[in-house]
Amino acid sequence: MGEKGPGQDIIVKGSGLAKHFGEVHAVDEVDLQIFQGEILAIVGSNGAGKTTLLKMISGGHSIDRGNLIFQDLDVSRLGLIQRARMGIIYSFQIPALFENLSALDCVRMALFTREHKTVMFFPTIEKFPLVRKEAEEILNMFQIPKNFPACLLPHGQRKLLDVAMAFALKPRLLLLDEPTSGVSTKEKGQVMDTIMPIIRQTNTTTAIVEHDMEIVTRYSDRVIVMDQGRVLAQGTPQEVLSNPKVGEVLLWR
Amino acid sequence: MPRKFSFPLIIGLLILATGPAYFPGFTIYLLTYGMIMSIAALALNLLLGYTGLMSFGHGMFIGAGAYTVALMMKYAGVHSFEILIPLSILTSAGLAAFVGCFCTRQIEIYFAMLTLAFGELLFVLCSKFYGFTGGTDGIRVKMPTLFGYVFKGAVDFYYFIFFLFLLCALAIWVVCNSPFGKAIQAVRDNSQRVGYLGLRVMKYRLIAFIISGAFTGLAGVLVVSLTGHAVPEMFQVFTSISIVFMVILGGHLSFLGPVIGAIVFVFLQSWLKPLFFWQFFLGVSIILLVIFLPGGVLGGVSIWVRKALAKISS
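Small disclaimer: the values here were computed from a predicted structure and weren't measured.

Some details on the overall build of chain B
Counting secondary structure elements, chain B contains 14 helices and two strands. What you see for chain B is a C-alpha radius of gyration of 19 Å, in line with the 20 Å of a compact globule of 314 residues. Referenced to the eigenvectors of the C-alpha coordinate spread, the extents of chain B come out at roughly 65 × 55 × 40 Å. A burial count over chain B gives 48% of its 314 residues as buried. Partitioning the contacts of chain B with sequence separation of at least 6, the portion at a separation of at least 24 is 79%.

Right under this line is the structure:
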């Protein structure tokens with residue numbers, strides 16, 4: 001493992017990361033570190049560059065400038081697929097599911113991917129009892145009914161299924177893009193209370209983009225505040241909350 | 001097989017297995033042709049229903065299979081199925097790999113148009129190379145033998161086709177329900193997410209295209225053995241559209257839909273052909289089908305049966 005942070009290994013180190021869309025500097029000279037096993041929250045107002053930064057780490061967006069080191073390897077020029085295979089897994093803000101497959105098959109698909117079995121033409125998937133068992137266990141953990149087609153699940157469970165598919169890949173770095181967006185205030189707590197204990201128990205290094213400061217303070221170890229593509233402040237949730245600059249810019253929601 | 005299909009499936013298989021005992025000769029011929037086209041329709045549905053790619057060029061694989069047989073007979077004197085079938089499957093798979101490298105980079109209408117273009121290209125090549133392919137006259141083909149066995153009549157050949165049909169249907173069903181089958185369904189439903197899982201979407205589209213092409217090529221071998229004549233029109237759009245129609249007619253949302261579609265299409269075509277404007281009636285039936293039975297014959301029938309059962313039980 002690479003450099004040591006405050007008592008932990010650094011799993012991701014980004015220096016001078018930049019992404020431009022034409023004239024818009026979505027992410028501009030961002031330096032960041034993510035420590036092994038921590039839950040890092042990335043907050044900021046709309047258009048601050050949070051999702052773009054997350055997608056730059058996952059490989060969904062190319063990096064225009066700067067370097068990204070993941071577990072001592074420079075992954076800046078690697079594509080989405082290579083980074084996913086290295087264990088950098090992104091979960092979508094708007095659930096990206098396999099709509100006509102059952103929840104069980106969505107998770108099984110992720111497991112077959114992890115086990116490199118997706119080019120097996122026979123036998124049928126029912127002949128993989130261990131994969132089925134693991135998929136059922138994951139769905140139980142995330143409290144998702146297994147036989148419903150993904151398209152028929154309510155929104156909260158669709159969000160959970162999206163995360164469950166990412167989790168099934170045993171990520172080394174899990175990137176959650178607003179796991180509670182579009183979910184009612186009441187459901188937000190339920191969704192996070194389902195996801196976060198699993199992440200804690202499995203010690204999965206996670207970066208979460210989130211708007212809700214209550215969720216951020218409750219669940220994250222460290223916070224990065226972004227504004228207009230730049231890092232405005234970072235530290236523990238308490239440090240960030242007490243920073244007057246942060247309050248001025250964010251107008252807490 | 002899904003449980004809901006098991007009873008109709010057994011009845012259907014029994015009819016096909018015992019058909020030669022009570023059906024007249026021409027019906028046997030049509031059933032043989034229907035089962036052959038079922039293989040092509042199932043193969044196309046692997047692409048359309050399971051991978052989400054609409055091919056308007058599958059006729060090229062029927063043509064590839066048929067012309068492999070015709071050319072091997074004409075120039076190499078090979079007359080046995082045990083050589084011609086593997087060779088044709090290889091030829092069609094090779095063609096699918098080549099064409100697929102260009103087509104599977106695209107999706108939707110662009111994919112459909114590229115496959116259509118390749119089919120027409122092969123049609124023109126086959127028509128113009130008169131000296132080699134017989135041009136628009138085509139090449140006559142004798143019924144091949146099987147390990148030295150000479151097919152003595154329509155019933156013999158019917159059971160050979162029945163066996164191959166069962167084998168192919170089973171093989172395609174296993175592929176559709178294998179981890180690869182789930183992967184192509186995932187590609188169909190959300191190709192972006194498949195990339196984020198760490199899989200190359202194009203690779204899965206290409207493999208599905210090759211498998212589909214190989215099975216359609218096998219159908220080409222059997223068609224030309226049945227009809228006795230390889231013609232360039234086999235490559236052409238009408239053949240391709242016919243296979244698409246079979247899939248839509250039966251229902252692309254179910255595994256067995258294309259089989260029903262192929263058999264119904266073959267009988268429908270045979271009844272309508274004596275009419276002067278038979279394509280007109282075929283067109284009308286497509287319009288009616290898409291409007292009133294969007295799930296195809298199998299989808300529509302299963303809805304009617306479900307409604308009838310619900311009425312009886314209430």
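Some words on the interface of chain B and chain A
In this assembly, 20 residues from chain B lie in contact with 27 residues from chain A. Breaking the side of chain B that touches chain A down by element, the ones donating at least two residues are helix 7 (154-176), helix 8 (179-189) and helix 9 (191-197) of chain B.

Looking at unusual backbone geometry
Residue and element names in this part refer to chain A. With an omega dihedral of 0°, the bond running from Phe122 to Pro123 counts as a cis peptide bond. Within the secondary structure layout, Pro123 lies in the loop between helix 3 (103-114) and helix 4 (129-141). In this structure, Asp72 takes a positive phi of about 70° despite not being glycine. Mapping Asp72 onto the fold places it in the loop between strand 4 (65-70) and strand 5 (73-74). Asp72 gets classed as exposed once you count the C-beta atoms within 10 Å, which come to 12.

Quick look at the nonpolar core
Ranked by internal contacts, the top residues of the largest apolar core, which has 176 residues, are Ile42, Val107 and Ala164 of chain A. At 15 residues, helix 10 (residues 201-227) of chain B tops the list of elements feeding residues into this core. Once residues lying within four places of it in the same chain are set aside, the contact partners of Ala164 of chain A are Val107, Ile138, Leu139, Phe142 and Ile144 of chain A.

Digging into the sheet that holds strand 4 of chain A
Residue and element names in this part refer to chain A. Across the sheet, which stays open at both edges, the four strands sit in the order 2-1-4-5 with antiparallel pairing between neighbours. Here the strands that pair on one side only, and so sit at the sheet edges, are strand 2 (24-35) and strand 5. When strand 1 (residues 10-21) meets strand 4, the two strands line up antiparallel, connected through five bridges. Pairing of Gly14 across the sheet is with Leu68, part of strand 4.

Description of the packing of helix 2 (residues 25-48) of chain B against helix 12 (residues 257-272) of chain B
If you want to describe how two helices pack, look at the angle between their axes and the distance between the axes. All names here are of chain B. Closest axis-to-axis distance for the helix 2/helix 12 pair is 7 Å, and the angle between their directions is 135°. Here helix 2 is positioned oblique relative to helix 12, judged by the angle of their axes. By crossing handedness, the relation of helix 2 to helix 12 is classed as right-handed. Between helix 2 and helix 12, the contacting residues are Leu30, Tyr33, Gly34, Met37, Ser38, Ala41, Leu42 and Asn45 on the first element and Pro258, Val259, Gly261, Ala262, Ile263, Val266, Phe267 and Ser270 on the second.

Brief notes about the packing of helix 3 of chain A against helix 5 (residues 155-168) of chain A
All names here are of chain A. At a closest axis distance of 8 Å, the pairing of helix 3 and helix 5 adopts a crossing angle of 25°. On the basis of the axis angle, helix 3 is roughly parallel to helix 5. Between helix 3 and helix 5 the crossing geometry is right-handed. Mapping the contact onto sequence places Ala103, Cys106, Val107, Ala110, Leu111 and Arg114 in helix 3 and Leu161, Ala164, Met165 and Ala168 in helix 5. Grouping the constituent residues of the contact of helix 3 with helix 5 by class yields nine nonpolar, no polar and one charged.

Rules used in this analysis
- Residues numbered from 1 in each chain as written.
- Chains lettered and ligands numbered in written order.
- Predicted model: local features only at pLDDT ≥ 70, side-chain atom pairs only at ≥ 80, totals over all residues.
- Helix = DSSP H or I, 4+ residues; strand = E, 2+ residues; numbered from the N terminus.
- Rg over C-alpha atoms; globule rule 2.2 N^0.38 Å.
- Buried ≥ 20, exposed ≤ 12 C-beta atoms within 10 Å, placed from the backbone.
- Contact = placed C-beta atoms within 7 Å.
- Core = buried A, V, L, I, M, F, W, Y, C linked by C-beta atoms within 7 Å.
- Pairing = 2+ DSSP bridges.
- Axes fitted to C-alpha atoms, helices over the stretch in contact; angles between N-to-C directions.
- Parallel < 35°, antiparallel > 145°, perpendicular 65-115°, else oblique.
- Left-handed = near helix turned anticlockwise from the far one by under 90°.
- Nonpolar A, V, L, I, M, F, W, Y, C, P; charged D, E, K, R; others polar.

As far as function goes, none of this settles anything; it's purely spatial.
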